[in-house]
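# Structure assessment
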Amino acid sequence: MELVNHRRPEDAAEAYINALGWPLSVGWRHRPRQGCTCGTPDCSTSGAHPKPGARVLRDAEVLAQALQQAPGAGLVAWTGPFDALVVPRQMGMAAMIDLDAIKPVPCIVAEETVTLLMLPATGRYALRAGVPGEVRSGDRGWIAVPPSHGTRWDNLPWIEGTRKPQGLLHGRDIASALEEAARHYGTLEPGAAGSAVTV
């Protein structure tokens, strides 16, 4: 079985498209000591967010050519095939300890956030009252995927050592772990609604 080098943009993009069926776009580029090519001073997601009107690509060869023309560009995955829940990093990593005992949940770690992937249209069930987070869902939602600048996989979206997609949990199956982690880190606000924003 051919392994995936997810640290090489072209290899990662090929696996995202051909093994997982994810639509992708090429994002802005990160430039060391110069920041993001989006032009925003101190961009908090340098090289890890989409361009306006980004072209959605489903052909790995076309995407590889686009990446070669834009060294350092981020990879953006559109959230039609899954829902993505973006939560504070400390809380998300704590929840992962409990979730790993149930089933490995594909998880992207960034400097300040953790992004958990789950079944499409179920992300809103993962945010119970008072748990901070943002749901990205549907064809217009997006996430930056490794090796975009500042991102790495904590749990891969395929079974390690294979190209077989990792099965996704329903948002309800993730809710309890997130709620417990939020309570532990003091981010749970009794009676408040989680910001289940669908984009």
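This report concerns the structure included in the present document. (Residues numbered from 1 in each chain as written. Predicted model: local features only at pLDDT ≥ 70, side-chain atom pairs only at ≥ 80, totals over all residues. Heavy atoms only, no water.)

### A few points about unusual backbone geometry
Most peptide bonds are trans, and most residues other than glycine sit at a negative phi. For the bond running from Pro-146 to Pro-147, omega is 10 degrees, close enough to zero to count as cis. Within the secondary structure layout, Pro-147 lies in the loop between strand S8 (142–145) and strand S9 (152–155). The phi dihedral of Arg-33 falls on the positive side, at around 65 degrees, and the residue is not glycine. Along the chain, the position of Arg-33 falls in the loop between strand S1 (24–31) and strand S2 (35–36). (Helix = DSSP H or I, 4+ residues; strand = E, 2+ residues; numbered from the N terminus.)

### Overview of the nonpolar core
By size, the foremost hydrophobic cluster in this structure holds 27 residues, and its most contacted members are Tyr-16, Trp-22, Leu-24, Leu-63, Leu-75, Ile-143 and Val-145. Broken down by secondary-structure element, the contributors of at least two residues to this core are helix H1 (9–19), S1, helix H2 (60–68), strand S3 (73–78) and S8. For this core, the element with the highest residue contribution is H1, accounting for five residues. Setting aside residues no more than four positions away along its own chain, Tyr-16 makes contact with Gly-21, Trp-22, Leu-24, Leu-75, Val-145, Pro-146, Trp-153, Pro-157 and Trp-158. Membership of the second largest hydrophobic core comes to 22 residues, among which are Cys-107, Val-114, Ala-126 and Leu-178. (Core = buried A, V, L, I, M, F, W, Y, C linked by side-chain atoms within 4.5 Å. Buried < 20%, exposed > 50% of the residue type's maximum accessible area, 1.4 Å probe, protein only. Contact = heavy atoms within 4.5 Å.)

### Brief notes about the sheet that holds strand S5 (residues 107–109)
With antiparallel pairing, five strands are arranged side by side in an open sheet as S7-S4-S6-S5-S9. Pairing within the sheet leaves two strands with one partner each, and these edge strands are strand S7 (134–136) and S9. Along the sheet, successive strands turn relative to each other by an average axial angle of 25 degrees, direction set aside. Pairing of S5 with S9 involves three bridges; the strand directions are antiparallel. Bridging from a neighbouring strand, Ile-108 pairs with Trp-153 of S9. Where helix H3 (residues 89–102) meets the sheet, its contacts fall on strand S4 (83–88), S5, strand S6 (113–118) and S9, and the angle it forms with S4 comes to roughly 120 degrees. (Pairing = 2+ DSSP bridges. Axes fitted to C-alpha atoms, helices over the stretch in contact; angles between N-to-C directions.)

### Details of the sheet that holds S1
Taken together, the four strands give an open sheet; going across it, the order is S2-S1-S3-S8, and neighbouring strands pair in antiparallel fashion. Strands with a single pairing partner mark the edges of an open sheet, and in this sheet they are S2 and S8. Across two bridges, the pairing between S1 and S2 is antiparallel. Note that in S2 the partner of Arg-31 across the bridge is Gly-35. In the packing of H1 onto the sheet, the strands contacted are S1, S3 and S8, and the crossing angle to S3 comes to about 5 degrees. Strands in contact with H2 are S1 and S3; relative to S1, the strand with the most contacts, it is inclined by about 15 degrees.

### Examining the packing of aromatic side chains
Two descriptors summarise a pair of aromatic rings, namely the distance from one centre to the other and the angle between the planes of the rings. The tally for this structure, following the rule as stated, stands at four aromatic pairs. Note on Tyr-16 and Trp-22: the rings are 5.4 Å apart at their centroids and 15 degrees apart in plane angle, and the pair reads as stacked. Take Tyr-16 and Trp-22: they sit in the same class, and that class is buried. Each residue in the set Tyr-16, Trp-22, Phe-82, Trp-153 and Trp-158 is aromatic and connected to the rest through ring pairs, giving one cluster. The ring of Trp-142 carries the charged tip of Arg-136 above its face, separated from the ring centre by 4.6 Å. Of note, Arg-172 hangs over the ring of Tyr-125, and the distance from its end group to the ring centre comes to 5.2 Å. (Phe/Tyr/Trp six-rings, centres within 6.5 Å; stacked < 30°, edge-to-face > 60°. Lys NZ or Arg CZ within 6 Å of the ring centre and 35° of its normal.)

### A few points about the environment of Arg-31
Relative to the assigned elements, Arg-31 resides in strand S1. On the basis of relative accessible area, Arg-31 is assigned to the partly exposed category, the value being 27%. Residues contacting Arg-31, with those up to four places away along its chain left out, are Cys-36 and Thr-37.

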